[in-house]
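Residues per chain, in single letters:
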Amino acid sequence: MSSPFPTKRMLGIDFFVGTAAEAVVEISKHGGLVVAPAAPSFIALQDDPDYRRAIADADLAIADSGWAVLFWRLLRREKLTRISGLALFKALLDTSDARIPRNLFFILPSEKAATKTLEFARACGYPITADDCYIAPRYQMSEVGDQTSEASLPSRSLGEGWRSAASDSVEDRALLSILEQRKPKHIIIGIGGGMQDKLGSYLKHQLTYRPAIYCIGAAPGFVTGDQIIIPMWADRFYLGWIFRVFAQPRVYFKRYWKARIVAQLISRCGEEMPPLIGS
């Protein structure tokens, strides 16, 4: 079935072609899962079947990785529209939906992130309360994803979220119950660490209604102050990674160094998804 909006395929993923505001409009029409793979996420497509399934389950994907977009242009001589998670989140905040109580729901990695979100909401006039924020349990971390290290997760677990010992799938019955009761129109998952897309896919199929689910990792934190603030000019010129490396060099330098592998994947696979290692 063809996409209802224009896309461009890279590494087996059909990326939205358009602006951040247009992407929000499209996913708001009927709801669904939005993913924003970072460079390490492309690498994980080779060895994480559950992550591959979650990405394939997306209704809309944005090319958040500046490295991937740059490598695509250099190696394929084609332009791919980049929409960062930060730009998408800001576009969502600019909608009238964001000003309606209970419309936005945040899944966050820590109490600090929730506090920063609420402080930002009060300062900017968004009707977001503590009931609109959920502190994620300690989902088992992998090196997939962006944004959140295991150390930044809360020290306590809510007990209902878990990762299967037999796979990397994620479930959270407590969260599911809260969402069924509140029924927010937009769910923002900011936990990162490779679990957000799997959690988003789980919610998409388990909820009895169809919200828009945004798997955008640290993007809310760049706005609320939970993460280092990244100016939009830096994001626009693919320089957000420099701010993050300076803020936490031990966490991010190794991660961004691994991004060079994405160039190899693009050169070898092009539009096709990388095969599973050992398959």
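Residues numbered from 1 in each chain as written. Predicted model: local features only at pLDDT ≥ 70, side-chain atom pairs only at ≥ 80, totals over all residues. Heavy atoms only, no water.

## Quick notes on the confidence of the model for the protein chain
Item 1. Residues at a pLDDT of 70 or more form 76% of the protein chain, whose mean pLDDT is 83.
Item 2. Counted against residues more than four places away or in other chains, residues 141–167, with its pLDDT under 50, gives 81 contacts. (pLDDT = per-residue confidence, 0-100. Contact = heavy atoms within 4.5 Å.)

## Observations concerning the pairing of strand β5 (residues 104–108)
Item 1. Within β5, five of the five residues are buried, which leaves the element mostly enclosed by the surrounding structure.
Item 2. The alternating pattern of β5 places L104, F106 and L108 on one face and F105 and I107 on the opposite face, and all of these are buried.
Item 3. As defined by bridge partners, β5 adjoins strand β6 (residues 133–135) across three bridges and the pair is classed as parallel. Bridged to L108 within β6 is I135.
Item 4. In this fold, the crossover linking β5 to β6 by way of helix α6 (residues 111–124) has right-handed handedness. (Buried < 20%, exposed > 50% of the residue type's maximum accessible area, 1.4 Å probe, protein only. Helix = DSSP H or I, 4+ residues; strand = E, 2+ residues; numbered from the N terminus. Pairing = 2+ DSSP bridges. Right-handed = clockwise from strand over helix to strand, strands pointing away.)

## Quick word on the packing of helix α3 (residues 49–56) against helix α8 (residues 196–206)
Item 1. Viewed as axis vectors pointing N to C, α3 and α8 meet at an angle of 55 degrees, and their least axial separation amounts to 9 Å. On the basis of the axis angle, α3 is oblique to α8. In the packing of α3 onto α8, the handedness of the crossing is left-handed. On α8, the residues touching D50, Y51, A54 and I55 of α3 are D197, K198 and S201.
Item 2. Partitioned by chemical class, the residues of the contact of α3 with α8 number three nonpolar, one polar and three charged. (Axes fitted to C-alpha atoms, helices over the stretch in contact; angles between N-to-C directions. Parallel < 35°, antiparallel > 145°, perpendicular 65-115°, else oblique. Left-handed = near helix turned anticlockwise from the far one by under 90°. Nonpolar A, V, L, I, M, F, W, Y, C, P; charged D, E, K, R; others polar.)

## Some words on the environment of I261
Item 1. Secondary-structure assignment places I261 in helix α13 (residues 260–269).
Item 2. It is 7.1 Å that separates the C-alpha atoms of I261 and I43, two residues lying 218 residues apart in sequence.

## Side note on a nonpolar patch on the surface
Item 1. Together, L70, L74 and L75 give the surface a local cluster of nonpolar side chains, amounting to about 260 Å² of exposed area.
Item 2. Along the chain, L70 falls in helix α4 (residues 66–76). (Patch = residues over 30% accessible without salt bridge, like charges linked within 9 Å, V, L, I, M, F, W, Y side chains within 5 Å. Areas by Shrake-Rupley, 256 points an atom, 1.4 Å probe, with all protein chains shown as cover. Salt bridge = Lys/Arg side-chain N within 4 Å of Asp/Glu carboxyl O.)

## As for the pattern of salt bridges
Item 1. Scanning the entire structure with this criterion turns up 11 salt bridges.
Item 2. Residue K204 pairs with D59 through a salt bridge whose shortest N-O separation is 3.0 Å. Residue K204 is found in helix α8, and its partner D59 is found in the loop between α3 and β4 (60–61); the two are separated by 145 residues along the sequence.
Item 3. Residue classification places K204 among the buried positions, given a relative accessible area of 17%.
Item 4. The exposure class assigned to D59 is partly exposed, which follows from its relative accessible area of 28%.

## Remarks on the packing of helix α1 (residues 20–30) against helix α5 (residues 85–93)
Item 1. At a closest axis distance of 8 Å, the pairing of α1 and α5 adopts a crossing angle of 65 degrees. Here the hand of the crossing between α1 and α5 comes out right-handed. Seen from α1, the contacting residues are A20, A21, A23 and V24; seen from α5, they are A87, L88, A91 and L92.
Item 2. For the contact of α1 with α5, the residue count by class is eight nonpolar, no polar and no charged.

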